[in-house]
Amino acid sequence: MNDQETIQHYYYDEAAFDYHDRAYIPLQVADAPEQPLRIPEILKPDQETATDVYYTITAQTGAVQLLPGKKTATWGYNGPLLGKTVIFKDGQTVHIHYINDLPEVTTFHWHGLAIPGPIEDGGCHAPVYPGQTRDVEFTIHQPAAFVWLHAHPCPATAEQVWHGLAGGAIVQDQHEAQLPLPRNYGVDDIPVILQDRRFHEDNQWDYRQDYDPDGILGPTPMINGTINPYFDVTTQKVRLRFLNGANRREWRLHFSDDLSFTQIAGDLSLLPKPLKMTKLMLTCAERAEIIVDFGSYRPGDEVVLYSDDTPLLRFKIHEFKPDHATLPDVLFETPNPAVSPEMPIHYVTLDGMDEAVAMNGKKFKMDRIDYQMPMHKVQLWDIENTNHAPGMIHPYHMHGTGFVTVARDGHAPNPNELGLKDTIAINPGEHVLLKVWFDVPGVFMYHCHILEHEDGGMMAQLKVVDPKNPNKQYQLMDHMTLMRAFAEERHVPLNELWLGGMDSYRKMGEEM
């Protein structure tokens, strides 16, 4: 990699950073001993061939020793909290058997996978009820990336992710495999899932007590389900795969000593070229992969990863062999198909804050299609954050595809946005122009990924039409069907059911 200027600032409008919000909760170091960073195990396939892989994924309850004292009640996938890392390979057909061992309905959404919707994609329309199962099948056709699995039942996505239903997945392809990158999982290739929580009496989480319609914040950082974590560095270079798995919090990441690092990937692909940086900000659901070179440190040294001024993760340096490998100047060629001339610009607005959130002036309805788009056509989407400055930064996400960022208010995108993305931060008053296309058919959601905002109605859905089957119909659920299920499972009358997103509709005088 040639020498290049080091990026030493965060992008986006500082006046809109979450710490300016009147309800902002700063991070604090927990009164708890240091613990080794939990590295999620790799999920073992039930069966694998050259062309197919079979997994069983179970959503379950559990309890984890997060703080001294009582264990915290949690939910997770194939374990008590978060999930095991799932491996997908480009070109492979995936067969998944879902089991719901939770006390309530959930869904299994693959955030970042370009797979058909709405069932395979796993949004609101693919419920799995308590004690029941669902089988899905899809084929992976996309570049190497760090994607993730999380619950997505409307409007309880935020609450179920807060309980712990989130886990990482790695897409592998032949191009990435040939590059000189760290990929010894658990040693020099580490997922780093960033979340925050508040612990109440007996170390328990209380979603309703903490609820905020603009997104829940907690004072305690939780990294891979670990409080006060450290990682033993045994190689000179370490690849960190960051995921902002928080409901609301932005993470402004930097290391002690202003140690520089190299960003190599974003949400859905490698970057076109590696970028030297000292600061990296991630909004909700964004991912970034970086390589940290600890070559200037010696055994016994410690390097700290911070968000703002709060330590998140300590790297304890041990003996390692020198690593003189260099990154190539070019990592990836981002697809850039021509816009289909018959497709006009599609406009999307992200509106409001608190209970007033909406998209294009309307709150989400599960049984309403807001837009239709032909498969394989390429269209420009203009996404506007209509909040007035200072306002809030809204992380905009699309299911079922990766997009190319064309411009921010007519200017070039940030350099680390030039790969494929599925989530992008949009400043108050800003227009971000995206190049969008779908290679799979179905019904897909697009929304703000502050989880309480999507539950509160800042979400819409489109139908992607397959030209080979243009009249295909999809069975769409409605909110009331899921509301009745939640009420029955929580053993309350429907008129006494509380889900955070319901408040946003009620307080705006709307029905779900």
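Residues numbered from 1 in each chain as written. Predicted model: local features only at pLDDT ≥ 70, side-chain atom pairs only at ≥ 80, totals over all residues. Heavy atoms only, no water.

Where an unreviewed UniProt entry is consulted, the protein appears under the name Multicopper oxidase domain-containing protein, with the organism given as Limosilactobacillus allomucosae. Looking at the Sequence similarities (unreviewed entry) heading of the UniProt record, one finds this comment for the protein: "Belongs to the multicopper oxidase family." (UniProt positions renumbered as here; feature names shortened; annotations may be inferred.)

Trainee: Got a minute to help me understand unusual backbone geometry in this structure?
Mentor: Most peptide bonds are trans, and most residues other than glycine sit at a negative phi. For the bond running from C154 to P155, omega is -10 degrees, close enough to zero to count as cis. Structurally, P155 is set in the loop between β10 (145–150) and α1 (157–163). Despite not being glycine, D257 shows a phi value in the positive range, around 65 degrees. Residue class for D257 comes out exposed when judged on its relative accessible area of 61%. (Helix = DSSP H or I, 4+ residues; strand = E, 2+ residues; numbered from the N terminus. Buried < 20%, exposed > 50% of the residue type's maximum accessible area, 1.4 Å probe, protein only.)

Trainee: In this structure, what is going on with the sheet that holds strand β12 (residues 189–197)? I would like to understand it.
Mentor: Pairing between sheet strands relies on hydrogen bonds along the backbone, with the strands arranged either parallel or antiparallel. One open sheet holds the six strands; their spatial order is β13-β12-β15-β20-β17-β18, and the pairing between them is mixed. Every other strand in the sheet has two partners, leaving β13 (220–223) and β18 (270–277) as the edge strands with one partner each. Adjacent strand axes in the sheet meet at a mean angle of 25 degrees when their direction is disregarded. (Pairing = 2+ DSSP bridges. Axes fitted to C-alpha atoms, helices over the stretch in contact; angles between N-to-C directions.)

Trainee: Can you help me understand the pattern of salt bridges in this one?
Mentor: Pairs may arise between side chains of opposite charge once their charged atoms sit close together. By the definition in use, this model includes 32 salt bridges. One salt bridge in this structure joins E34 and K316, with 3.3 Å as the shortest N-O distance. Here K316 lies in strand β22 (residues 310–317) and E34 lies in the segment before β1 (35–36), a separation of 282 residues in the sequence. The class of E34 is partly exposed, set by a relative accessible area of 38%. One salt-bridge network, in which partners are shared between bridges, spans E176, R183, D189, R239, R241 and E289. (Salt bridge = Lys/Arg side-chain N within 4 Å of Asp/Glu carboxyl O.)

Trainee: Which parts of the structure should I look at to understand the side chain of E176?
Mentor: Among the secondary structure elements, E176 is positioned in helix α2 (residues 174–177). Judged by relative accessible area, E176 falls into the buried class, the value being 8%. Beyond its immediate sequence surroundings of up to four residues, E176 is in contact with A144, L181, R183, R239 and L270. (Contact = heavy atoms within 4.5 Å.)

Trainee: Would you explain the sheet that holds strand β32 (residues 459–465) in this entry?
Mentor: One open sheet accounts for five strands, arranged β25-β32-β31-β27-β29; its pairing is mixed. Strands with a single pairing partner mark the edges of an open sheet, and in this sheet they are β25 (371–374) and β29 (423–426). Taken pair by pair, the neighbouring strands of this sheet meet at an average axis angle of 25 degrees, ignoring direction. When β25 meets β32, the two strands line up parallel, connected through four bridges. In the sheet register, Y371 faces β32, and the bridge partner there is L462.

Trainee: Honestly, empty space enclosed by the protein in this entry has me stumped. Any pointers?
Mentor: Space left empty within the atom packing is revealed by a probe, the size of a water molecule, rolled over the atoms. One pass over the structure, following the stated rule, counts seven cavities of 30 Å³ or more. In this structure, the largest cavity occupies an estimated 80 Å³ of space. Lining the largest cavity are 13 residues, with Q263, L282, E286, N416 and K421 positioned closest to its centre. Counting only elements with at least two residues in the lining of the largest cavity, the list comes to β19 (280–282) and β20 (287–293). Take the lining of the largest cavity: its biggest share by element is three residues, from β19. Each residue belonging to the lining of the largest cavity can be placed in one class, and the counts come to five nonpolar, three polar and five charged. (1 Å grid on protein atoms, 1.4 Å probe; cavity = no way out; pocket = protein on both sides within 12 Å on 5 of 7 lines; lining within 4 Å. Points joined across faces, edges and corners; volume = space filled by probe spheres on them. Nonpolar A, V, L, I, M, F, W, Y, C, P; charged D, E, K, R; others polar.)

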